[in-house]
Amino acid sequence: MSAKSYVIAGAVALISAATGPAHAQGSPQRGAMAYRACAACHSLEPGMHLTGPSLADLWGKKAASVADFPRYSKALKAQEFLWDETTLNAWLANPAGFVAGSQMTFRGIEDEKTRQDLIAFLRLAMAPGGAKAVVAQRLVPDSLARGQTPEDLSKVGPTQQVKAARYCQNSYFVTTADGQEHSFWALNLRLKVDSSALGPKGGRPVLTGSGMQGDRASLVFSDPAQISAFLQSKC
Ligand code: HEC
């Protein structure tokens, strides 16, 4: 169903609601299991935006209306509909089919019953205070409600705080605050920026993901300008 035909479908849904339940009521318990597929990209915590916007407090709100999420597609922004059972059912069945040009890279949930269960869960989770409520009702653990929220880099210790970083012969040499020097093949070290509250503090980048045997890691800066200011080309 496209978003345009939603108005007509909404009217049909109203008629069928008056004549009898259109769908059996979904189970929020089973829906919480289905929600696992969403937590990779969404948090239920207000203001916590990951690949997709936080789903906090979106029930009954206009599509693409989270003010501090800057990455909505033009296609979703242009929509006028509100999020409810009918629109979520169409979106979750086939996001790209419901809103052509939208950018939720999720192929959709074919099974009608699974969608109804998920929507029963979302009705609770997307209500005001929903993240706390679904955790208190033991539908999902706190970690799932938070979603794949990144590590808090403002609180890392000296093994991850970076004192100096230089580039030489297609390699990076990164010295952390504990005095250790770590070397990487240049293509194995990703340079990233996180200017959010969870990003590095104090004007120094943070080294992440370099486990004991890890040959790949990330150097995370708090601002793009910091990259060239901090990184020296020096052998
Ligand atoms: C691969 C990442 C990804 C996954 C998985 C994903 N989403 Fe999304 N979602 C997004 C992105 C990105 C957007 C914004 C799309 C756009 O702007 O076109 C979005 C948008 C949405 C919106 C609209 C938000 C608004 O502000 O209007 C809802 C509702 C939603 N997703 C629910 C879900 C649910 C429920 C699931 C699990 C079944 C899910 N998403 C799975 C990335 C994802």
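For the structure itself, look to the data block above.
Below is a short write-up of the structure. All values derive from a computational prediction rather than experimental measurement.

Okay, the overall build of the protein chain next. Helix and strand content of the protein chain: nine helices and seven strands. Split into buried and exposed, the 235 residues of the protein chain put 41% on the buried side. Within the protein chain, residue pairs in contact and separated by at least 24 positions form 51% of the contacts whose partners lie at least 6 positions apart. Carbon and sulfur atoms make up 55% of the accessible area of the protein chain, which amounts to about 13400 Å² in all.

Moving on to the coordination of the iron atom of the ligand. Think of it this way: four donors in a tetrahedron around the metal ideally sit 109.5 degrees apart, and six in an octahedron ideally sit 90 or 180 degrees apart. Protein coordination of the iron atom of the ligand is provided by His42 (NE2) and Met104 (SD), with donor distances spanning 2.0 to 2.1 Å. Geometry at the iron atom of the ligand is octahedral, judged from the six donor atoms that bind it and their angles of 86 to 178° at the metal. With His42 in the loop between helix H2 (28-34) and helix H3 (74-77) and Met104 in the loop between helix H5 (95-98) and helix H6 (112-125), the pair connects residues that are 62 residues apart, well separated along the chain. With a relative accessible area of 11%, His42 lands in the buried category.

Read from one edge to the other, the open sheet built from four strands follows the order E3-E2-E1-E7, with strand pairing classed as mixed. With partners counted over all chains shown, the strands left at the sheet margins are strand E3 (181-185) and strand E7 (231-233), one partner each. Taking the axes of each pair of neighbouring strands and ignoring which way they run, one obtains an average angle of 25° across the sheet. Across six bridges, strand E1 (residues 162-168) lies against strand E2 (residues 171-176) in antiparallel orientation. In the strand pairing of E2, Val162 is matched with Thr176.

Moving on, we get to unusual backbone geometry. If you check the backbone angles, Arg138 has positive phi at about 60° while not being a glycine. Inspection of the secondary structure assignment puts Arg138 in the loop between helix H7 (130-136) and helix H8 (142-146). The class for Arg138 is exposed, based on a relative accessible area of 77%.

Let's shift gears to the environment of Leu55. Looking at the secondary structure, you find Leu55 in the loop between H2 and H3. When its relative accessible area of 12% is taken as the criterion, Leu55 is described as buried. Along the chain, Leu55 and Gly130 lie 75 residues apart, while their C-alpha atoms are 9.3 Å from each other.

Attention now goes to the sheet that holds strand E6 (residues 217-221). Read across the open sheet, the three strands follow the order E4-E6-E5; overall the sheet is mixed. Looking at which strands have only one partner, the edges of the open sheet turn out to be strand E4 (189-193) and strand E5 (206-208). Ignoring which end each strand starts from, the neighbouring axes of this sheet average 25° apart. Pairing of E4 with E6, which is carried by five bridges, proceeds in the parallel orientation. Within E6, the position partnered with Leu189 by the bridge is Ala217.

Rules used in this analysis
Residues numbered from 1 in each chain as written. Predicted model: local features only at pLDDT ≥ 70, side-chain atom pairs only at ≥ 80, totals over all residues. Heavy atoms only, no water. Helix = DSSP H or I, 4+ residues; strand = E, 2+ residues; numbered from the N terminus. Buried < 20%, exposed > 50% of the residue type's maximum accessible area, 1.4 Å probe, protein only. Contact = heavy atoms within 4.5 Å. Areas by Shrake-Rupley, 256 points an atom, 1.4 Å probe, with all protein chains shown as cover. Donors = N, O, S within 2.8 Å, 3.2 Å for Na, K, Ca; no water. Tetrahedral: all angles 85-135°; square planar, octahedral: opposite > 155°, others 65-115°. Pairing = 2+ DSSP bridges. Axes fitted to C-alpha atoms, helices over the stretch in contact; angles between N-to-C directions.

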